[in-house]
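Residue-level listing of the chains:
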Amino acid sequence: MDADVLIIGAGPAGSMAARMLKKRGYRVVILEKELFPRFSIGESLLPQCMAFLEEADLLEQVAAENFQLKNGAAFSHAGKLTEFDFSQKFTPGWGSTYQVPRAGFDQTLAEAAEDCGAVIHYRHSIVAADFNTPGQARLTTIDGNGLQRDWTAGWVMDASGFGRVLPRLLELETPSSLPPRQALFTHIEDRITVPDYDRNKILIAIHPQFHEVWYWLIPFSNGRSSLGVVMPMDFIATRSGSPLEILQELALAEPRLAELLKDSRFDAPVNRIGGYSADVKNLYGEGFVLLGNAGEFLDPVFSSGVTIALKSASLAVPLVDKHLRGVPVDWQADYEQTLRNGINVFRAYVDAWYDGRFQRIIFAERQLTQIKSMICSILAGFVWDETNPMTQRCSKKIDAVADSCPPL
Ligand code: FAD
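This section reports on the structure supplied with the text. Since this is a predicted model, take the numbers as computed values, not measurements.

Rules of the game
Residues numbered from 1 in each chain as written. Predicted model: local features only at pLDDT ≥ 70, side-chain atom pairs only at ≥ 80, totals over all residues. Heavy atoms only, no water. Pairing = 2+ DSSP bridges. Helix = DSSP H or I, 4+ residues; strand = E, 2+ residues; numbered from the N terminus. Axes fitted to C-alpha atoms, helices over the stretch in contact; angles between N-to-C directions. Near = heavy atom within 4 Å. Polar contact = N/O pair within 3.5 Å; in protein donor to acceptor, adjacent residues only side chain to side chain. Nonpolar A, V, L, I, M, F, W, Y, C, P; charged D, E, K, R; others polar. Buried < 20%, exposed > 50% of the residue type's maximum accessible area, 1.4 Å probe, protein only. Contact = heavy atoms within 4.5 Å. Parallel < 35°, antiparallel > 145°, perpendicular 65-115°, else oblique. Left-handed = near helix turned anticlockwise from the far one by under 90°.

## Let's talk about the sheet that holds strand β12 (residues 181–189)
Here is step 1 of the chain: Judged by pairing direction, the sheet is mixed, and its 7 strands sit side by side in the order β5-β4-β13-β14-β15-β12-β16 without closing on themselves. In the strand order of this sheet, the two ends are held by β5 (80–85) and β16 (271–274), each with one partner. Each strand of the sheet is rotated relative to its neighbour by a mean of 20°, with strand direction disregarded.
Here is step 2 of the chain: Bridge analysis of strand β4 (residues 72–77) against β5 gives 6 bridges, and the strand direction is antiparallel.

## Quick word on the site of the ligand
Here is step 1 of the chain: The environment of the ligand is made up of 36 residues, and the closest members are E32, I41, S44, N293 and V306.
Here is step 2 of the chain: One of the side-chain nitrogen or oxygen atoms of R38 is found 2.8 Å away from an oxygen atom of the ligand.
Here is step 3 of the chain: Between the ligand and the protein, one listed contact pairs an oxygen atom with a backbone N or O atom of I41 at 2.7 Å.
Here is step 4 of the chain: Going through the elements one at a time, α1 (12–23), β8 (124–133) and α8 (305–324) are the ones with two or more residues in the shell around the ligand.
Here is step 5 of the chain: Classifying every residue of the shell around the ligand by side-chain character gives 17 nonpolar, 13 polar and 6 charged.

## Looking at the pairing of β12
Here is step 1 of the chain: The buried fraction of β12 amounts to 8 of the 9 residues, a majority that puts the element mostly inside the structure.
Here is step 2 of the chain: For β12 and strand β15 (residues 224–232), the ladder comprises 9 bridges, and the chain directions are antiparallel. Bridge pairing in β15 links T186 to L227.
Here is step 3 of the chain: With 4 bridges connecting them, β12 and β16 associate as antiparallel partners. By the bridge assignment for β16, A183 is matched with I273.

## Considerations on the environment of N71
Here is step 1 of the chain: In this fold, N71 is placed in the loop between β3 (68–70) and β4.
Here is step 2 of the chain: Between the C-alpha atoms of N71 and D279, which are 208 residues apart in sequence, the distance is 30 Å.
Here is step 3 of the chain: In contact with N71, other than residues within four places in its own chain, are F84, D85, F86, G95, S96, D198, N200 and K201.

## Some thoughts on the pairing of β4
Here is step 1 of the chain: Among the 6 residues of β4, 6 are classified as buried, and the element is accordingly described as predominantly covered.
Here is step 2 of the chain: Taking every second residue as pointing to the same face, both faces of β4 are buried, with G72, A74 and S76 on one and A73, F75 and H77 on the other.
Here is step 3 of the chain: Count of turn residues in the β4/β5 antiparallel hairpin: 2 residues, of which A78 carries a positive phi of about 45°.
Here is step 4 of the chain: As paired strands, β4 and strand β13 (residues 201–206) are joined by 6 bridges and run parallel to one another. In the strand pairing of β13, S76 is matched with A205.

## With respect to the packing of α1 against helix α4 (residues 102–115)
Here is step 1 of the chain: α4 packs onto α1 with a crossing angle of 20° between their chain directions and a minimal axis gap of 8 Å. Judged by the inter-axis angle, α1 sits roughly parallel to α4. Relative to α4, α1 is oriented so that their crossing is left-handed. Counting all contacts with α1, which are made through P12, S15, A18 and R19, the residues of α4 involved are R102, F105, D106, L109, A110, A112 and A113.
Here is step 2 of the chain: In the contact of α1 with α4, the residues fall into 7 nonpolar, 1 polar and 3 charged.

Right, dumping it as structure tokens:
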């Protein structure tokens, strides 16, 4: 066989899984479609990520990149500003993290996997998969020169993100519970000089009239920022102009962004991505497991994607290890259910964001300190903390808190 484990994709989930498996002594090959460094969306991490990076012994490499510190989240709507400081969160653990241009972050993680001995074949795209032979999985790639090749291993981890390789090839896809939305985004030279602006926080702003239209401003450490706007699928048809003009027009409609971006230079292309919410019938099967975005992806609003990707690697690696040692594995309980418990907490807050309940909670002027710290934990990504009452029967709890908050 070519490896003990084949991994599809060298994004955060794939590289972290590869490094953890190598440390356990396995032969690991990653098959990656692109050549690194390459652009990827998903630039604001959550403090919960740091525990997973620590587990994979990746903190030193990430710290060496001098990424922008992130210690909280700021929100703005129609002149109201509010913020959450992650050091005030309910759950013990990391209270800060980074905002990262993903080209550099993903390359750092991929190199750290290679440093441990994982082999990465770039420009290798998976085109077929066969799990019909017990104990031997087979993947077929086409490389950058058009050459086809088969690869065999004892197990496959699909970390192909939005590529969704095995969900497509094995017909595992199922519609997301969330309606399709789209985002326009770019990188800018931000030139922000406003004195009360805190580069250590992501800014999430809401359109003054359309509460389902919201923006992110993610500052980096090099004077540039990621700026994006998320909207319902049909909203863009109500605007005119190029994607750049629409992004600028929408951003300038929001008072805080208009103030912050008044000197910014829009010097890079504007990208569009839509219909990104996705789900699958199962996160595992005979011979494979789906990690990160290759499984379920919800929504960008709480920057949960990389956290879920790293959590999935952290959960799956010990189970693959067990399987390869011949120990029976309960994938349903120990992987699917555990991972989905946290994803479902995020889902409850995403639903409440778009129906307005969570926006009311965020902007309520008077908030009980304890409730605020519990919500702060969610915003910091600690959704698997069952001791936080706001992770249990979330929708009902959100209802109860929102009922006591004034309308936006
Ligand atoms: P990815 O990072 O997508 O990596 C998958 C890898 O697989 C890629 O390198 C790809 O080239 C490779 N691949 C794909 N197809 C194939 C193939 N056929 N063969 C071989 N290799 C293949 N998350 C956050 O945490 N913070 C944010 O601020 C954030 N903002 C977002 C904003 C938007 C608009 C969207 C849509 C998402 C955002 N996300 C964010 C989510 C984030 O982008 C993903 O959740 C995260 O990148 C998932 O990591 P991953 O390792 O699962 O997959």
